[in-house]
Amino acid sequence: MRGYNATDSMRRIFALVVAIWVVVSAVPAAAGPWGGLPDAVARLQNDPGDRAALAVVRQAEASILNEATNGRLPAVAVLAETYASLVMQLDDGDQRVRRLEARVASTLIDWGDGRRASSPTNAGIAWTLAARYDPAGPAVERLRQLLLPPTDPEDGQTWRSLLDDAVLVYHPPLRMRVGCSELDRRCRENEVYFRWVELPGFWIETTEVTNRRYRRCVDAGRCRPPSAESSLGDRSRDEYPVVGVTWKQARDYAAWTGRRLPSEAEWERAARGKETRWRFPWGNSRRTEAANVWDETIAAGRGILPVSTFPVTGWGLFDMSGNVWEWCSDRYQISFRELLTDGSPMPSGAGRVVRGGSWRRSIDLARVSARSWFEEGYRADDVGFRCAVDRSADISDA
C-alpha cells in the first residue's frame with residue numbers, strides 16, 4: 001500500500017532536505033581571490049601554465065574549503081557555484097570542479113558529524129550540500145539516518161528522530177478487524193459494521209506531538225502557530241500535547257518531519273496493540289484512572305495533562321485513550337462498509353476523522369473503536385495529533 005522502493009526513498013530523502021534547507025543569502029564574491037578569478041580563468045584559457053593565474057584558482061578553492069571547515073554553509077553554496085561557473089570554461093575545468101566538490105563534501109560531512117547531536121538541522125543542511133557535491137558519497141546515508149527510521153526493524157523496535165526528537169515504535173504487519181470490539185455493548189452506530197483489513201508494517205509516534213516539538217516546526221518557518229487554546233509559548237508546558245491545531249496544521253507538521261497523519265485503521269491498530277479484541281488499550285475494564293478522561297467524581301476534571309502521564313500500552317504507546325482527540329488522515333464516513341482493505345485512508349466523506357477521546361469526554365469515547373470527526377478548520381483545547389510513517393525500503397543508487 002504505502003511501501004517504498006529504493007528510488008522512492010531517495011526522492012523522499014531529498015524532499016525532506018527541503019524541510020531543513022535555509023534560504024541561501026547572496027555572498028559578495030569580491031573579497032580575497034574572487035575579484036581576480038574571472039581574469040585568471042581568461043588567462044588560463046590562453047595559457048594553461050600561467051602560474052599566477054593558477055595561484056588565484058587555488059586560492060579560490062582554499063577559500064571555499066575554509067568556509068566549509070567553519071560551517072558557513074550559505075557561503076559555501078554561493079562560492080562553489082561561482083567557482084564552477086567560471087572554472088568549467090577551462091579544458092580541465094570538469095576535473096577541477098569534481099575534485100574540489102569531493103573535498104568540500106568530505107569537509108561538510110565532518111562538520112555535520114560534529115553537530116549531529118547538538119544541532120541536527122544544521123547537520124542536515126551540511127549533509128545536504130555534501131550530497132549535492134558527491135551524490136555517491138556517505139552524505140546520503142547520514143541523511144537517511146537523520147530523517148528515516150531503520151529499514152529492517154524488529155517488532156516493537158523504537159527509533160528517535162533527530163529532526164524533532166520524536167520517538168516512534170514499529171508495528172508489524174497484521175490482518176485485523178477495524179470497528180466494534182467483540183462483546184462491546186457500548187458501540188455506537190458508526191462503529192458496528194466492522195471491516196477486515198490487511199495492514200502493512202508502519203511506525204507511529206509513542207506520544208502525541210508536544211508543544212516543544214511543534215515549536216521546532218514553527219521556529220523553522222514550516223508550521224503556523226496554533227490558536228489561543230494552545231500553551232505553545234509556556235516552557236513549563238513543553239511536554240503537554242500541542243492543541244488548538246487544525247487538521248491542515250497537523251498535516252503540515254507531519255510533512256515537515258517526513259511523516260504523515262495515520263490512517264484511521266492504523267490508529268486503531270496502534271491503540272489495540274498486541275491484543276486486538278480488547279475494548280481499551282489496557283483491556284476490557286472501564287478504568288477511568290487508566291486514561292485522562294472526564295470523570296464526574298473530580299469536580300473540575302483533570303484538564304489536559306503532560307504526555308506519558310499514564311502507563312504505556314500495546315507496543316509502547318501512551319495516551320491512545322484520552323488526553324486529546326487525535327487527527328487522522330481519513331475523511332469520515334458513518335460506516336466501515338467502504339473502508340479500504342489495505343488500511344489506506346478514506347478519500348471521500350465529511351471533514352476528518354478524530355480518534356481517542358479526550359479529557360473533556362467520558363471513558364466510553366476512549367474505547368479503541370470509538371470515532372468522531374471535525375471539519376478541517378476546527379480547533380480546540382482538546383484536539384491534537386500524532387504522526388506515523390511507512391517502513392522504509394533500503395537506500396541504494398537505483
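Residues numbered from 1 in each chain as written. Predicted model: local features only at pLDDT ≥ 70, side-chain atom pairs only at ≥ 80, totals over all residues. Heavy atoms only, no water.

Enquirer: Let's hear about the pattern of salt bridges: which residues, and what values?
Expert: For the structure shown, the criterion picks out 36 salt bridges. For R186, the salt bridge goes to D364, with nearest N and O atoms at 3.3 Å. Taken together, the residues span a long stretch of sequence, with R186 in the loop between β3 (174-178) and β4 (195-199) and D364 in the loop between β7 (352-355) and β8 (371-374) at a distance of 178 residues. The exposure class of D364 is buried, given its relative accessible area of 15%. In this structure, the salt-bridge partner of R371 is E264, at a minimum N-O distance of 2.4 Å. Of this pair, R371 sits in strand β8 while E264 sits in helix α10 (residues 264-272), and the two are 107 residues apart along the sequence. The buried category is assigned to E264, whose relative accessible area is 1%. (Salt bridge = Lys/Arg side-chain N within 4 Å of Asp/Glu carboxyl O. Helix = DSSP H or I, 4+ residues; strand = E, 2+ residues; numbered from the N terminus. Buried < 20%, exposed > 50% of the residue type's maximum accessible area, 1.4 Å probe, protein only.)

Enquirer: Tell me what's going on with unusual backbone geometry, and back it up with residues and numbers.
Expert: One non-glycine residue with positive phi stands out, namely D165, at about 70 degrees. Within the fold, D165 resides in the loop between β1 (158-160) and β2 (167-171). Positioned with a positive phi, S308 is a non-glycine residue whose angle comes to about 70 degrees. Along the chain, S308 falls in the loop between α10 and β6 (325-327).

Enquirer: Lay out the sheet that holds strand β5 (residues 202-205) in plain terms, naming residues and giving numbers.
Expert: An order of β1-β2-β5-β10 is seen for the four strands of this open sheet, with the pairing classed as antiparallel. Taken across any chain shown, the strands that pair with only one partner, and hence form the sheet edges, are β1 and β10 (388-390). Averaged over all neighbouring strand pairs, the angle between strand axes comes to 25 degrees, with direction disregarded. (Pairing = 2+ DSSP bridges. Axes fitted to C-alpha atoms, helices over the stretch in contact; angles between N-to-C directions.)

Enquirer: Describe the state of the cysteines, and please don't skip the residues or the numbers.
Expert: Per the counting criterion, the structure on display carries two disulfides. The disulfide partner of C180 is C187, and the gap between their sulfur atoms is 2.0 Å. Between C180 and C187 the disulfide shows an S-S torsion of about 90 degrees. By sign, it is right-handed. A relative accessible area of 11% places C180 in the buried class. The residue that forms a disulfide with C217 is C223, at a sulfur-sulfur distance of 1.9 Å. Taking the sign of the S-S torsion, about 75 degrees here, the bridge from C217 to C223 comes out right-handed. Relative accessible area serves as the criterion here: at 8%, C223 is assigned to the buried category. (Disulfide = S-S within 2.5 Å.)

Enquirer: I'd like a rundown of the packing of helix α8 (residues 211-219) against helix α9 (residues 247-257), residues and numbers included.
Expert: Angle between the axes and distance between the axes are the two parameters that describe a pair of packed helices. In the contact formed by α8 and α9, the axes pass within 10 Å of each other and the chain directions differ by 80 degrees. Relative to α9, the element α8 lies roughly perpendicular. Facing α8, whose interface residues are R213, Y214, R216 and C217, α9 presents Q249, Y253 and W256. The class makeup of the residues in the contact of α8 with α9 is four nonpolar, one polar and two charged. (Parallel < 35°, antiparallel > 145°, perpendicular 65-115°, else oblique. Contact = heavy atoms within 4.5 Å. Nonpolar A, V, L, I, M, F, W, Y, C, P; charged D, E, K, R; others polar.)

Enquirer: Could you give me a rundown of helix α6 (residues 120-133), with the residues and numbers involved?
Expert: Note that an α-helix has 3.6 residues per turn; residues three or four places apart therefore point the same way. In this model α6 runs 20 Å from its N-terminal to its C-terminal C-alpha over 14 residues, within 8% of the 20 Å that 1.5 Å per residue would give. Of all the residues in α6, the buried ones are P120, A123, G124, I125, A126, W127, T128, L129, A130, A131 and Y133. (Expected span 1.5 Å × (residues − 1).)

Enquirer: Quick one: what's the story with helix α4 (residues 73-87), residue by residue and with numbers?
Expert: The terminal C-alpha atoms of α4 lie 21 Å apart, and with 15 residues this matches the ideal 21 Å at 1.5 Å per residue to within 8%. The element α4 is largely enclosed, with a buried count of 11 among its 15 residues. Every buried residue belonging to α4 is among L73, A75, V76, A77, V78, L79, A80, Y83, A84, L86 and V87, and all of these are buried.

Enquirer: Go over the confidence of the model for the protein, please, and point to the residues and values.
Expert: Overall, the prediction assigns the protein a mean pLDDT of 88, with 89% of residues at 70 or greater. For residues 394-398, every residue scores under 50 in pLDDT, and the model assigns this stretch 11 contacts once sequence neighbours within four places are set aside. (pLDDT = per-residue confidence, 0-100.)

Enquirer: Describe the packing of aromatic side chains, naming the residues involved and giving the relevant values.
Expert: Counted according to the given criterion, the structure contains nine aromatic pairs. When the centroid spacing of 5.0 Å and the interplanar angle of 10 degrees are considered together, the rings of F280 and W282 count as stacked. Taking relative accessible area as the criterion, F280 reaches 1% and is therefore assigned buried. Relative to F374, the ring of W325 lies with its centre 6.4 Å away and its plane at 85 degrees, an arrangement referred to as edge-to-face. One end of the pair, W325, is in strand β6; the other, F374, is in strand β8, and 49 residues separate them in sequence. (Phe/Tyr/Trp six-rings, centres within 6.5 Å; stacked < 30°, edge-to-face > 60°.)

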